[in-house]
Amino acid sequence: MRLIILCLSFLLVVIQYPLWLGKGGWFKVWELDRQVQLAHKKNDELKERNAKLASEVDDLKQSKGAVEERARFELGMIKQNEVFVQLLDGSTGKPASAVNPNPYMPGSGQPGSVSVPASAPAASSHASR
């Protein structure tokens, strides 16, 4: 009788092994479920980001104001015959907020910068003879 109980117990363990630890076992299913949940979360974040980008693209396509705003704040551009004014913080003497840290663009938020309209006459050059 003891031998039969041992054999049946061994068979029970052998049958349970694939259920818990096999290729399609519960542990594998739980791990895959966790990965699916993470993928859904990442997809939701990416959908939200894509919606924001699509909205921004539509705004840039439809509105001239959005393009102008980008040109002003990201490129430091100004309109023709427009005056660039830079406010300095009284306590530190630094710019209150730099419009654009682009050192190659006049009026780009650098201290002491001057904006020159595109239609301004060029300085006369004595180099041409």
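> For the packing of helix α1 (residues 2-21) against helix α2 (residues 26-62), give the residues involved together with the corresponding values.
Helix packing for two helices is described by the angle between their axes and how far apart those axes are. Interhelical geometry of α1 versus α2 gives an angle of 5 degrees and a closest axis separation of 4 Å. It follows that α1 is roughly parallel to α2 by the angle criterion. Counting all contacts with α1, which are made through Leu 19, Trp 20 and Leu 21, the residues of α2 involved are Trp 26, Phe 27 and Trp 30.

> Could you give me a rundown of the packing of aromatic side chains, with the residues and numbers involved?
Using the criterion set out here, one finds two aromatic pairs in the structure. Ring geometry for Phe 27 against Trp 30: centres 5.5 Å apart, planes inclined by 70 degrees, an arrangement best described as edge-to-face. Taken together, the positions of Phe 27 and Trp 30, both in helix α2 and three residues apart, correspond to about one turn of that helix. Relative accessible area serves as the criterion here: at 44%, Phe 27 is assigned to the partly exposed category. Among the aromatic side chains, those forming a connected cluster through ring pairs are Trp 26, Phe 27 and Trp 30.

> Describe the pattern of salt bridges, naming the residues involved and giving the relevant values.
A complete count under the given rule lists five salt bridges for this structure. The salt bridge partner of Arg 34 is Glu 31, with a shortest N-O separation of 2.8 Å. Of the two residues, Arg 34 and Glu 31 are both situated in helix α2; the distance of three residues between them amounts to about one turn of the helix. Using a relative accessible area of 31% as the deciding quantity, one classes Glu 31 as partly exposed. Here Arg 70 and Glu 74 are joined by a salt bridge, their closest N and O atoms 3.7 Å apart. Of the two residues, Arg 70 and Glu 74 both sit in helix α3 (residues 64-75), four residues apart, roughly one turn of that helix. Look at Arg 70 and you get partly exposed, because its relative accessible area is 32%. A relative accessible area of 49% places Glu 74 in the partly exposed class. Bridged by salt links that share partners, the residues Glu 56, Arg 70 and Glu 74 form one connected network.

Rules of the game
Residues numbered from 1 in each chain as written. Predicted model: local features only at pLDDT ≥ 70, side-chain atom pairs only at ≥ 80, totals over all residues. Heavy atoms only, no water. Axes fitted to C-alpha atoms, helices over the stretch in contact; angles between N-to-C directions. Helix = DSSP H or I, 4+ residues; strand = E, 2+ residues; numbered from the N terminus. Parallel < 35°, antiparallel > 145°, perpendicular 65-115°, else oblique. Contact = heavy atoms within 4.5 Å. Phe/Tyr/Trp six-rings, centres within 6.5 Å; stacked < 30°, edge-to-face > 60°. Buried < 20%, exposed > 50% of the residue type's maximum accessible area, 1.4 Å probe, protein only. Salt bridge = Lys/Arg side-chain N within 4 Å of Asp/Glu carboxyl O.

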